[in-house]
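Summary of structural features
Single-letter residue listing:
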Amino acid sequence: MKTRSVPINRIAHGRSGDKGNHANIAIIANTPASYSWLKEHLTVPVVAQYFASMGASTIERYVADNLFALNFVLKDILAGGASQSLRIDTQGKTLGLTLLQLKMEIPENLLT
Amino acid sequence: MKRVRIGNGCGFWGDQLDAPVELVKTGRLDYLTLEYLAELTMSILSLQRQRDPQKGFATDFISVLKRLAPYLIDQPNLKIVTNAGGVNPEACMQVASEQLRAQKVRDVPIAVVQGDNLFPHLDRLLEKGHRLAHMDNGTDLATIRDRVVSANAYLGARPIVEALKTGARIVITGRVADASLTVAPAAYEFDWDFDNITQLNRFAGATIAGHLIECGAQSTGGLACNWQSVPDLANVGYPIADIDEQGEFILTKPEDSGGLVNRQTVTEQLLYEVFNPAEYFTPDLVADFTSLQLEEVGPNRVLVQNASARPATSTYKVSIAYRAGHSCAGMLLISGPQAKQKAEYCAQLIWKRLERIGLRFDKQYVECIGTGAKAPGVFSATNSNFSQNLNSAFEGELPEVMLRIAVSDSRQDAVERFSKEFAPLVTSGPPGVSGYTSGRPPVREVFAYWPALIDKSVVDPLITVKSLTFSPNS
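Each value, and the rule that gives it
- Residues numbered from 1 in each chain as written.
- Chains lettered and ligands numbered in written order.
- Predicted model: local features only at pLDDT ≥ 70, side-chain atom pairs only at ≥ 80, totals over all residues.
- Heavy atoms only, no water.
- Helix = DSSP H or I, 4+ residues; strand = E, 2+ residues; numbered from the N terminus.
- Rg over C-alpha atoms; globule rule 2.2 N^0.38 Å.
- Buried < 20%, exposed > 50% of the residue type's maximum accessible area, 1.4 Å probe, protein only.
- Contact = heavy atoms within 4.5 Å.
- Arc of directions from axis to C-beta.
- Pairing = 2+ DSSP bridges.
- Axes fitted to C-alpha atoms, helices over the stretch in contact; angles between N-to-C directions.
- Buried area = accessible area lost by both parts, 1.4 Å probe.
- Salt bridge = Lys/Arg side-chain N within 4 Å of Asp/Glu carboxyl O.
- Polar contact = N/O pair within 3.5 Å; in protein donor to acceptor, adjacent residues only side chain to side chain.
- Core = buried A, V, L, I, M, F, W, Y, C linked by side-chain atoms within 4.5 Å.
- Phe/Tyr/Trp six-rings, centres within 6.5 Å; stacked < 30°, edge-to-face > 60°.
- Lys NZ or Arg CZ within 6 Å of the ring centre and 35° of its normal.
- Domains from an automatic or database assignment.
- Nonpolar A, V, L, I, M, F, W, Y, C, P; charged D, E, K, R; others polar.

1. Considering the overall build of chain B
A tally of regular secondary structure across chain B gives 14 helices and 19 strands. Taken against the 2.2 N^0.38 rule, which gives 23 Å for 474 residues, the C-alpha radius of gyration of chain B at 25 Å falls within 12% of a compact globule. Referenced to the eigenvectors of the C-alpha coordinate spread, the extents of chain B come out at roughly 70 × 55 × 45 Å. By residue count, 56% of the 474 residues in chain B fall in the buried class. Expressed as a percentage of contacts within chain B between residues at least 6 apart in sequence, the contacts between residues at least 24 apart total 77%.

Below you can see the structure in the form of C-alpha cells.
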C-alpha cells in the first residue's frame, strides 16, 4: 500500500486540556477508516517518543470507538501546571495541535 | 413533551461580558448558567475576602446581572444558576439583591448554596484524621498547612435543587462541579430522584450536557480545529442544551448567531479536560462517554443520546490552594538576523547581571517564541519528525523571535529585582531589541494547586441553602 509522510491532522482533529499538572489530548479521526488506522498506529510509544523532551511521567491511551477518538493522558507534562509552570503555555492548550503536527506514514487511500 | 432549555453564557471569569445578555435575548432559555471559577480562582477570592469581609465573589456577575435585569422582568420564567458566589456567596447575594432593588426588579427571589468552603474547618478535619492527601502523590496536607489560603469541596447538584425548591429564580453557589450547574435545573424541572438508580442515566445525560456547555463557546465553534469553516465567530452564539425528560438533549445555539455546532465541534469539547472517557467523575455520578451516540439532526443541532453512568463515589474532590512564592515573566522582541542567537544571548546577559549581585532563582526559564517554544524540545532537529522540517532549518533566518524569560522564587524581593533587568537590554544588549512598551513585567504571587478527596459524610452536614425574598414594599 502506498503511503505518504504527512501530519496526522490530515486525517484527524482534536483538542487538549489540563487538570493540575496533567494534560489530555483527544485525537478524533475524520472517518471510521482513519480511526481504525490511528487506533493501530498512534500508540503510546509513538506519542511518548514524540513528547520525550517534555517530561511526562506516564502516558496512557483510552479509546472511545463511538466517537472515533483516542484520548491520551500525559501525566506531569505541564512543568507545574496552571499555577506553577513558567512556560508560556502553562495549561497545555497547544499540545493538541502539536500532536496533530506529528508526521506519520499514512496510507494514501486515507488522504482525501 | 416538556423540555428544558439551559444555556451557558459564561465559561470562565474573564469571558465575554455581552454573551449572557445576547444568549438571554435570543436563546428562549428556561435557565441561564454562568460559570466563573477555575481551579485557582478560589485562592484569589479567598485573599480578597481576608482583606475585606464583603468581598470574595465574582464581581463580573453583578455587572452582568445589571444588564440582565430588564430580561428578568420580560421573561418571568427565566432563572439563573451561577457559581459566582466564590468564597462568599452570601455577600454576592446581598450585592445582587441590592442591584435588582436599585433597578426596581421585584419578585426575583435569590438563594445561596454554601458548605463547600472547608478552609475554616481545616484544622479540625486534620485533627480528626482527614489527611487531605495530594491526589497525585499522597503527600499529607499537613506538610503545607501553614501556607494554605483556600480549600473548597466540589459540591453536586442536590443542594442546588433544594435552592430551586425554595422558589428562587437566582441560585448563587460557591464551588460546585461545573456540570452540576446544569444537572440541577434538569433534575428540578423533571423531578428526577437522585436516589433512584433506574434514573441514573438521565442524570448522566444532563451531566454530559453540562460538561458540553460549561466552557461557553468552546462547543459552538470556539477552538474548532476546522476553524476556517466556522462562520462569523465574532458573533459566536453560546451553547444551549435542550434537554428532555430522559436526559437526552440537543446541543445547539441561538438562531442567527455565529459559530458552528456539529459532530466535530461537539466531540472536541466532549473530551476536553477528560481523562478516562469511561469514568468521568462528578459529585453526582461517574459518567461513561463511551456509550454516547451523537447525531446531527439539523443545522447547528446535535442530538446526544444513550448516556450511561454508575453511582457517585463516596468522596468529594477538594480544591486546595497554597502560597508558593512569587513569579515574574517578561518578554522582549528580538529582531533578526540571528534572532534566536541574540535572544539566547540576551537571556545570558540577564542571568549574568543578576549573578553579579548574587541572585539565582529557585526556577528560571527561557523561551524563544517563534522557534517551537510551545512544546519545548519537540520542534527540534534532534526529533526525527522535524529533522527535515523548516521549523528547525530556518531558525537562523527567522525575521524575529519573542524572548520570554520567567523566574519563580520564595523571595519576593529577588523576583522584583529580576523584573527590573528587562529595560536595560534595550540599550545595553545586542542590536534589535524592542517591544518594551508596557513597563516592567508584573510580579505576582504564586498559588499552587493541591487536589484532594474527602468523605462526603464530613461535608454534607455543612451544606446549607438560604433564600432571600424581597418584601413587596422594598
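2. Some thoughts on helix α12 (residues 412-419) of chain B
All names here are of chain B. Taken together, the buried positions of α12 are occupied by A414, V415, F418 and S419. Relative to the axis of α12, the buried residues are bounded by an arc of 145° and lie together on one face. Of the surrounding secondary structure, the elements contacted by the buried residues of α12 are β14 (315-335), α10 (339-356), β16 (400-409) and β18 (443-455).

3. Topic: the sheet that holds strand β9 (residues 280-281) of chain B
Across a sheet, paired strands are connected by hydrogen bonds in the backbone, their directions being either parallel or antiparallel. Residue and element names in this part refer to chain B. Spatially, the three strands line up as an open sheet ordered β9-β10-β13, and their pairing is antiparallel. Two strands lie at the open edges of the sheet, namely β9 and β13 (308-311), each paired on one side alone. Bridge count between β9 and strand β10 (residues 285-288): two bridges; the pairing is antiparallel. Within β10, the position partnered with Y280 by the bridge is A287. Sitting on the sheet, helix α8 (residues 200-213) is in contact with β9, β10 and β13, with an inclination near 110° to β13.

4. Some words on helix α1 (residues 19-26) of chain B
Residue and element names in this part refer to chain B. When we look at burial in α1, the residues that qualify are A19, P20, V21, L23 and V24. Against the buried residues of α1 lie β1 (3-8), β2 (31-34), α3 (60-74) and β7 (240-244). Note on α1: the residue one or two positions beyond its end, R28, has a positive phi of about 50°.

5. Some words on the pairing of β16 of chain B
Residue and element names in this part refer to chain B. By the criterion of burial, β16 is predominantly enclosed, with eight of the 10 residues buried. Here strand β15 (residues 363-369) pairs with β16 via seven bridges, running antiparallel. Looking across to β16, one finds that E367 is bridged to R404.

6. Some details on the interface of chain B and chain A
In this complex, chain B contributes 54 residues to the contact, which on the side of chain A involves 43 residues. Taking both sides of the interface into account, the surface hidden between chain B and chain A amounts to around 4,000 Å²; carbon and sulfur atoms contribute 57%. The closest approach of N and O atoms between E268 of chain B and R15 of chain A, which form a salt bridge, is 3.0 Å. On the surface where chain B and chain A come into contact, there are 26 residue pairs in polar contact (both at pLDDT 80 or more). Of all elements in the fold, only α9 (263-270), β14, β15, β16 and β18 of chain B reach the threshold of two or more residues within the side of chain B that touches chain A.

7. Re the nonpolar core
All names here are of chain B. In terms of nonpolar packing, the biggest core is built from 72 residues, with I208, F249, I320 and I454 touching the most fellow members. Counting residues per element, this core draws most heavily on α8, which supplies eight residues. Not counting residues within four places of it along the chain, the set of residues in contact with I208 comprises F249, L270, F289, L292, V304 and A307. Grouped together as the second largest cluster of nonpolar side chains are 41 residues, L37, M42, L100 and V236 included.

8. Some points on the sheet that holds β7 of chain B
All names here are of chain B. If you trace the 10 strands from one edge of the open sheet to the other, you get β11-β12-β8-β7-β1-β2-β3-β6-β4-β19, paired in mixed fashion. The sheet terminates laterally at β11 (293-298) and β19 (464-468), the two strands that pair on one side only. Going across the sheet, the axis of each strand differs from the next one's by a mean of 20°, ignoring polarity. Note: strand β8 (residues 249-252) against strand β12 (residues 301-305), three bridges, orientation antiparallel. Counterpart to L251 in the pairing with β12 is V302. The strands touched by α3 are β2, β3 (79-82) and β6 (170-173); relative to β3, the strand with the most contacts, the crossing angle is about 165°.

9. Comments concerning the packing of aromatic side chains
All names here are of chain B. Following the criterion strictly, the structure yields 12 aromatic pairs over all chains and no others. Note on F194 and F203: the rings are 4.7 Å apart at their centroids and 40° apart in plane angle, and the pair reads as tilted. By relative accessible area, F194 is classed as partly exposed at 21%. Geometrically, the ring pair formed by Y280 and F289 is tilted, given 5.1 Å between the ring centres and 35° between the ring planes. We note that Y280, like F289, is buried. Among the aromatic residues, those joined into a cluster by ring pairs are F190, W192, F194 and F203. Its guanidinium or amino end placed over the ring of Y316, K456 lies 5.3 Å from that ring's centre, counting from NZ or CZ.

10. Description of the domain arrangement of chain B
Residue and element names in this part refer to chain B. By the assigned domains, chain B splits into domain 1 (3-116 + 154-313) and domain 2 (322-449). The C-alpha centroid of domain 2 is placed 39 Å from the C-alpha centroid of domain 1. Opposite the five residues of domain 1 that make contact, domain 2 presents five residues. Roughly 450 Å² of surface becomes buried between domain 1 and domain 2 when both sides are summed, with 69% attributable to carbon and sulfur atoms. Sorting the residues of domain 1 by area buried against domain 2 places E39, L40 and L47 first, and these three jointly supply 73% of that buried surface. Counting the contacts that link domain 1 with domain 2 gives zero salt bridges. The class makeup of the residues in the side of domain 1 that touches domain 2 is two nonpolar, two polar and one charged.

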